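Structural features, examined
Next come the chains, spelled out residue by residue.
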Amino acid sequence: MTTLAIETSCDETAAAVLDSEGNVLASEIATQIDLHRAYGGVVPEVASRNHLLKMRPVLLKTLEVAGVSLPEIDVFSATAGPGLAGALLTGNTTAKALALAHKKPFISVNHMEGHLLSPFMGQPAGIQPCVALVVSGGHTMLIHLREFGDYHLCGNTRDDAAGEAFDKVAKMIGLPYPGGPEIDKLSKVGDPKAYDFPRSMLSRKDHDFSFSGLKTAVLYSLDKLNKPLKDCRPDLCASFQEAVVDVLTKKTIRLAQTLGESCITVSGGVSCNSRLRKAFEVCAHKAGLKLLIAPPSLTTDNAAMIAYVAWQKAQRGLFSMLEEDVDPNLKLAEATV
Ligand code: KG4
Ligand code: ZN
């Protein structure tokens, strides 16, 4: 079952092909970051227009690298949400049109399910029960994954997503968009103990997050700097990053222990963060938990993770109707009560 997937939920035009065993034959990404940087964030209309321009070259390159032709594809799939409506429509409609033209099935994929399952790609044991932390630009979720398709939302952010906090704090201190990778880089030469930023919601028993207080704490600290901002940036970044990492690691480990799960996974764009990856390795080891984190190439938006979900669905006969629309607010899992 050779699977092709297209991902256009935000500002990356991506396509990927998996072989019948679920191995990645090709995964191509055309990023629009440079176009959006001038605006300090993603401009939806600019994103949609550029997906249209990039779609054909990205698809052709993906097929070339995979060494397959369109008639050899057995299943076409695309992200259906969550994301920007116009951006989603470009990739979703392309995949549906290809499915129709080649008389092959189509599969709709939830972008967050792509992130959620990405740590299992290439794992011989496949998908296994775990507590999953999904941290991206729009989401911060703690999910109890029991098996494929059985996801229970145990914790969520009450305000900003972790990636959003990285991006907003970076903007506040004059770093370019997207802020996450910039903060990651500068933190390497900063002191994580220089500023005592709050670890919000850590003392609470629930599994929710809040990052707006931390963001405000960074803002207030800017009024009290004893050196020019440029010289304080590494310490500000490292201290902010440490506060985020501290909360994410502790809450994830705590939920795994509460639920009696022996495996944790971390996924989504923020799981690219070098300090977060290191801290999870140390904490999971100390707690005796198995840790799965996707390689950095699969953490930020890509189509390989979308193809992986489609491949899983195809094996279970879970195909979609061509009439199925995109949904910018598509949900992954409902909260447990
Ligand atoms: O998963 P993703 O590519 O897109 C969404 O689905 O949102 O995540 C993008 C987010 C952005 O907020 C970006 O700043 C953050 O992931 N990010 C990072 C790093 N790389 C990307 N945050 C912290 N450290 C990084 N190295
Ligand atoms: Zn994403």
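Please refer to the structure placed before this passage.
Definitions and limits used
Within any chain, residue numbers begin from 1 and follow the written order of that chain's sequence. Each chain takes a letter, starting from A, and each ligand takes a number, starting from 1, following the order in which they are written. Where local features are concerned, this predicted model is filtered to residues with pLDDT of at least 70; where side-chain atom pairs are given and counted, the filter is 80 or more; whole-chain, interface and lining totals use all residues. Computation of side-chain values covers all heavy atoms of the structure but excludes hydrogens and water. Strands are runs of DSSP state E lasting at least 2 residues, helices are runs of H or I lasting at least 4, and numbering of each runs from the N terminus. We call a residue buried when its accessible area falls under 20% of the maximum for its residue type, exposed when it is over 50%, and partly exposed in between, using a 1.4 Å probe and counting protein chains only. By the convention used here, residues are in contact when the closest approach between their heavy atoms is within 4.5 Å. To be clear on the numbers: accessible area is Shrake-Rupley with a 1.4 Å probe, and residue cover counts the displayed protein chains and nothing else. Counted as positive: Lys and Arg. Counted as negative: Asp and Glu. His and the chain ends are not counted at all. To locate a charge, the coordinates of NZ of Lys, CZ of Arg, CG of Asp or CD of Glu are taken. Listed donor atoms are N, O and S within 2.8 Å of the metal (Na, K and Ca: 3.2 Å). As water is not included, a site may look incomplete. Metal sites are grouped by the angles between bound donors: all angles between 85 and 135 degrees with four donors is tetrahedral, opposite donors over 155 degrees apart with the others between 65 and 115 is square planar for four donors and octahedral for six, and any other pattern is irregular. To be near a molecule or strand, a residue needs just one of its heavy atoms within 4 Å of it. Each polar contact in these results corresponds to two N or O atoms within 3.5 Å; when the atoms are within protein, one needs to be able to donate a hydrogen and the other to accept it, and residues that are neighboring in sequence are counted only if both atoms are side-chain atoms. For the domains described, the bounds stem from an automatic or database domain assignment.

1. Examining the overall build of the protein
What the protein contains, in helices and strands, is 10 helices and 10 strands. Taking the principal axes of the C-alpha coordinates as reference, the protein spans close to 65 × 45 × 35 Å. Residues classed as buried in the protein amount to 55% of the 337 residues present. Sequence separation of 24 or more characterises 73% of the internal contacts of the protein that already satisfy a separation of 6 or more. Carbon and sulfur atoms form 55% of the exposed surface of the protein, whose accessible area is close to 14500 Å². Between the mean site of the 34 positive side-chain charges and the mean site of the 37 negative ones, the protein shows a separation of 5 Å.

2. Details of the coordination of the zinc ion (ligand 2)
Listed as protein donors to the zinc ion (ligand 2) are His-111 (NE2), His-115 (NE2) and Asp-301 (OD); their distances from the metal cover 2.0 to 2.1 Å. In this structure, the zinc ion (ligand 2) is coordinated by 4 donor atoms arranged in tetrahedral fashion, with angles at the metal of 94 to 129°. Each donor residue of the zinc ion (ligand 2) lies on the same chain, and together they follow the pattern H-x3-H-x185-D. Residue His-115 is located in helix 4 (residues 111-117), and its partner Asp-301 is located in the loop between strand 10 (290-293) and helix 10 (304-315); the two are separated by 186 residues in the primary sequence. Comparing His-115 with Asp-301 shows no difference in burial state: the two are buried.

3. Regarding the site of ligand 1
Near ligand 1 you find 19 residues, and of these Gly-137, Asp-167, Asp-184, Gly-269 and Asn-273 are the closest. One nitrogen or oxygen atom from the main chain of Gly-269 is found 3.0 Å from an oxygen atom belonging to ligand 1. Those elements that place two or more of their residues in the shell around ligand 1 are helix 4, helix 5 (162-172) and helix 6 (179-187). In this structure, the shell around ligand 1 is formed jointly by two domains, domain 1 (3-116 + 300-335) and domain 2 (126-293), each of which donates at least three residues.

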